[in-house]
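Below are the chains, spelled out letter by letter.
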Amino acid sequence: MLKTMVDEGLLNESGTDTLHDVIARALAWRALPLVIILTLQSIVSLVSLQNSAFQDEALYLYTGRQLLAQYLGGPPVVDPFATYMSGHPDVYPLLAGALDAAGGLALARLLSLVAMLTATACVYWIGQRVFSRQAGILGAALFAMQGPVLFLSHLATYDAFCLGLLAVCVALALRLSDTRRPWLALALGPLMVLAFFAKYAFLLWAPSVLAILALETWRRRGFGPAVSRLALTLLALAAAAVAAYQILGPSFLHALMASTLQRQTTGAQLTASRPELLWWVVSNAGIILGIALVGMTLLPRGKWLLGLIFIGTSVLAPVYHLYHAEPVSLIKHLAYGMVFAAPLAGFALQRLIEWQARHAKEEFQLALHGMAVAPIFLVVFTLGQRQALSQYDQWADSTQMTTIMRSLVRPAAGHYLAEDMEVTRYYLQDVTEDWQWTGPFWFEYTDKQGNTLYDTAAYEQAIHDGYFDSIELSFGVSSTLDYQLRAELNNSPNYQLVAKVPYTNVYGMGFYYIWRLRPVAPSAATG
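On a predicted model such as this, the values are computed, not experimentally measured, just so you know. (Residues numbered from 1 in each chain as written. Predicted model: local features only at pLDDT ≥ 70, side-chain atom pairs only at ≥ 80, totals over all residues. Heavy atoms only, no water.)

A. Summary view of the packing of aromatic side chains. Inspection of every chain in the model, using the stated rule, returns 31 aromatic pairs. Measuring from ring centre to ring centre gives 4.9 Å for Phe196 and Phe197, while their planes differ by 75 degrees; the resulting arrangement is edge-to-face. Taking relative accessible area as the criterion, Phe196 reaches 13% and is therefore assigned buried. Ring centres of Trp442 and Tyr454 lie 6.5 Å apart, and the angle between their planes is 40 degrees; on these two criteria the pair is classed as tilted. On the criterion of sequence distance, the pair formed by Trp442 in the loop between β2 (437-438) and β3 (444-446) and Tyr454 in strand β4 (residues 452-454) is long-range, its members being twelve residues apart. Among the residues examined, Trp442 registers a relative accessible area of 52% and is labelled exposed. Among the aromatic side chains, those forming a connected cluster through ring pairs are Phe196, Phe197, Tyr200, Tyr245 and Phe252. The positively charged end of Lys500 is found above the aromatic ring belonging to Phe511, 4.6 Å away from the centroid. (Phe/Tyr/Trp six-rings, centres within 6.5 Å; stacked < 30°, edge-to-face > 60°. Buried < 20%, exposed > 50% of the residue type's maximum accessible area, 1.4 Å probe, protein only. Helix = DSSP H or I, 4+ residues; strand = E, 2+ residues; numbered from the N terminus. Lys NZ or Arg CZ within 6 Å of the ring centre and 35° of its normal.)

Encoded structure:
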């Protein structure tokens, strides 16, 4: 045994190492594969994925900074963020906004990386706990290389934070199932409430967390402990939910219904054909789901039910999106299911390596039996990186546009119409106020005669009256309105086109068009 430990580098040849030294070195060697996986995930996310703020990032970070300023004694926030956001603004946006205030977009995105690295570590622990250390390593590596996972690792939105909490909830449920400290349930319930308020879509996966807790506790400790620990978890969850409701208030209920439970999916931007969505699922998650399905068929009988929960939960999001024919957030939601698919996939790859090792006839073949899965990881890594880059290129780089807009705005003065309002408002929040910005989705305007107008008529009359000091249009999601407003701008003596900034996104090449209010010429009397 001493010779083996010397050969593995855990003990020096003189045998003078202390027990503490041996244990520390053993733990370091065991952690090395996970460290390599997390390092690779970090490097790909931080180095490869570069772009200006996405619309959702800009909205959440701006919201967080507005709320932070209010809580620190600043002016009250007038925008009812809690009534329409898909997560409570006092949870992720407030946290990410504080980081943004301290270190900008890069620091806010770093929070997402930490959350996704936590998810990868949890996948490793889940695979090790349910199957084996080898399955945990392989599953974590497969998870970390997925395109949706890499994409979320550098995106400052609700998803990474919520997904990280989901992974911790699953790991904690498994830990609670065999621990002698049932009071851990007092941590699981509030953690699930936090994940829910981080993003309301957590409701889709929450039943699976409870099912894992009940099944594994029953399998390991019996029916009585399963009932008591599930009841304790639900009691703690209910208490935390009531406390959160009292603190946060009921305003989020409207957002919960509108953004999650009764989400409207009509319109060209919100629907897609089911064959197209199915292709998105297959191309972005088909490999890991397929390998997980193979792992399901290889499970011993005692783990079939747990395997069914894992494989069933991994396809909840695809099934939901296919049923509603809804493309919005599909790619991001696929990553949630991968938390459950990855341990099964790691188990399948472990069995493949074992099968190849059993059939190796020569020592050289035996030494290389682990290479049986190398082609799989090469394909997954290459494909995952390309998919993450493709997702990151979906929105245009707004750097040049916001630079030009900065030269046209004035602190606490003027009104600005921007199709990309969330982005311009976020980047120019140091020189503008929230009330100065108008977006393309709804507008109310009272003209000089006292008539109140709405929507298109309001925009057109405001342009006719020279109400906006500068206007930015990009002919994207509101292109129908944009064409109407451009006609009004071309016919108006009030505005002049000052910039036509090219951009490229997933749809191809386009332009940011920027107008400004013509300066009033001095009269002869004052000249």
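And the narrative resumes.
B. Spatial organisation of helix α14 (residues 316-324). Residues of α14 that are buried include every one of Ala317, Pro318 and His321, and no others. Down the axis, α14 shows its buried residues gathered within 100 degrees of arc, on one side only. Opposite its buried face, α14 presents the exposed residues Val319 and Tyr323, each directed more than 90 degrees away. At the exit of α14 stands Ala325, carrying a positive phi of roughly 55 degrees. (Arc of directions from axis to C-beta.)

C. Geometry of the packing of helix α12 (residues 274-297) against helix α15 (residues 330-358). Direction vectors running N to C along α12 and α15 enclose 25 degrees, while the axes themselves pass 6 Å from each other. Put simply, α12 runs roughly parallel to α15. For α12 against α15, the interelement crossing comes out left-handed. Of α15, the residues touching α12 (which contributes Leu277, Trp280, Val281, Asn284, Ala285, Ile288, Leu289, Ile291, Ala292, Val294, Gly295 and Met296) are Leu330, Ile331, Leu334, Met338, Ala341, Ala342, Leu344, Ala345, Phe347, Ala348 and Leu349. For the contact of α12 with α15, a count of residues per class yields 21 nonpolar, two polar and no charged. (Axes fitted to C-alpha atoms, helices over the stretch in contact; angles between N-to-C directions. Parallel < 35°, antiparallel > 145°, perpendicular 65-115°, else oblique. Left-handed = near helix turned anticlockwise from the far one by under 90°. Contact = heavy atoms within 4.5 Å. Nonpolar A, V, L, I, M, F, W, Y, C, P; charged D, E, K, R; others polar.)

D. Quick look at the nonpolar core. Counting residues in hydrophobic clusters, the biggest one holds 122 residues, and the most contacted among them are Phe143, Leu163, Leu188, Phe197, Phe202 and Ile288. In terms of residue count, α15 provides more of this core than any other element does, 16 residues in total. The contacts of Ile288, once residues within four sequence positions are left out, are Leu142, Phe143, Gln146, Met338, Ala341, Ala342 and Ala345. Among the nonpolar cores identified, the runner-up in size contains 17 residues, and Tyr459, Ala462, Phe468 and Leu489 belong to it. (Core = buried A, V, L, I, M, F, W, Y, C linked by side-chain atoms within 4.5 Å.)

E. Up close: the pairing of strand β5 (residues 470-473). The alternating pattern of β5 places Ser470 and Glu472 on one face and Ile471 and Leu473 on the opposite face, and all of these are buried. Relative to β5, strand β1 (residues 416-418) runs parallel, the two being bridged by three bridges. Bridge pairing in β5 places Leu417 opposite Ile471. Two elements, β5 and strand β7 (residues 508-517), share four bridges in a ladder whose sense is antiparallel. Its bridge partner lying in β7, Ile471 is registered against Trp515. (Pairing = 2+ DSSP bridges.)

F. Geometry of the pairing of strand β6 (residues 495-505). Relative to β7, β6 runs antiparallel, the two sharing ten bridges. Pairing of Tyr495 across the sheet is with Leu517, part of β7.

G. The arrangement of a nonpolar patch on the surface in detail. Together, Ile43, Leu46, Val47, Leu110 and Val114 make up a nonpolar patch on the protein surface, roughly 420 Å² of accessible area in all. When residues of the nonpolar patch are traced back to their parent elements, those giving at least two are α2 (19-48) and α4 (92-130). A total of three residues in the nonpolar patch trace back to one element, the largest contributor, which is α2. If you trace the backbone, Leu110 turns up in helix α4. (Patch = residues over 30% accessible without salt bridge, like charges linked within 9 Å, V, L, I, M, F, W, Y side chains within 5 Å. Areas by Shrake-Rupley, 256 points an atom, 1.4 Å probe, with all protein chains shown as cover. Salt bridge = Lys/Arg side-chain N within 4 Å of Asp/Glu carboxyl O.)

H. Summary view of helix α13 (residues 304-314). Among the residues making up α13, those that are buried are Leu306, Gly307, Ile309, Phe310, Ile311, Thr313 and Ser314. Those residues of α13 hidden inside the fold are in contact with α4, α9 (206-221), α12, α14 and α15.

I. Region of the structure containing the sheet that holds β6. Across the sheet, which stays open at both edges, the five strands sit in the order β2-β1-β5-β7-β6 with mixed pairing between neighbours. If you trace the sheet from one side to the other, it starts and ends with β2 and β6, each paired once. As judged from the two bridges shared by β1 and β2, these two strands associate in the parallel manner. Bridge assignment links Leu417 to a residue of β2, and that residue is Thr438.

J. Fine view of the pattern of salt bridges. Using the criterion set out here, one finds 13 salt bridges in the structure. Put simply, Glu216 and Arg220 hold a salt bridge, and the shortest N to O gap is 3.7 Å. Of this pair, Glu216 and Arg220 both sit in helix α9, four residues apart, which is roughly one turn of that helix. Taking relative accessible area as the criterion, Glu216 reaches 1% and is therefore assigned buried. A relative accessible area of 41% places Arg220 in the partly exposed class. The salt bridge involving Asp469 is made with Arg410; its shortest N-O contact spans 3.4 Å. On the criterion of sequence distance, the pair formed by Asp469 in the loop between α20 (455-464) and β5 and Arg410 in the loop between α18 (399-406) and β1 is long-range, its members being 59 residues apart. On the basis of relative accessibility, which here comes to 18%, the residue Asp469 falls in the buried class. Here the residues in one salt-bridge network are Arg129, Arg175, Asp178, Glu216, Arg219 and Arg220, joined through shared partners.

K. Quick peek at unusual backbone geometry. Even without glycine at this site, Asp455 takes up a positive phi of about 55 degrees. Of note, Asp455 is situated in helix α20. In the Ramachandran plot, Phe475 falls in the positive-phi region, its phi being about 55 degrees despite a non-glycine side chain. With respect to the helices and strands, the residue Phe475 is situated in the loop between β5 and α21 (479-491).

Worth remembering: the numbers are spatial, not functional.
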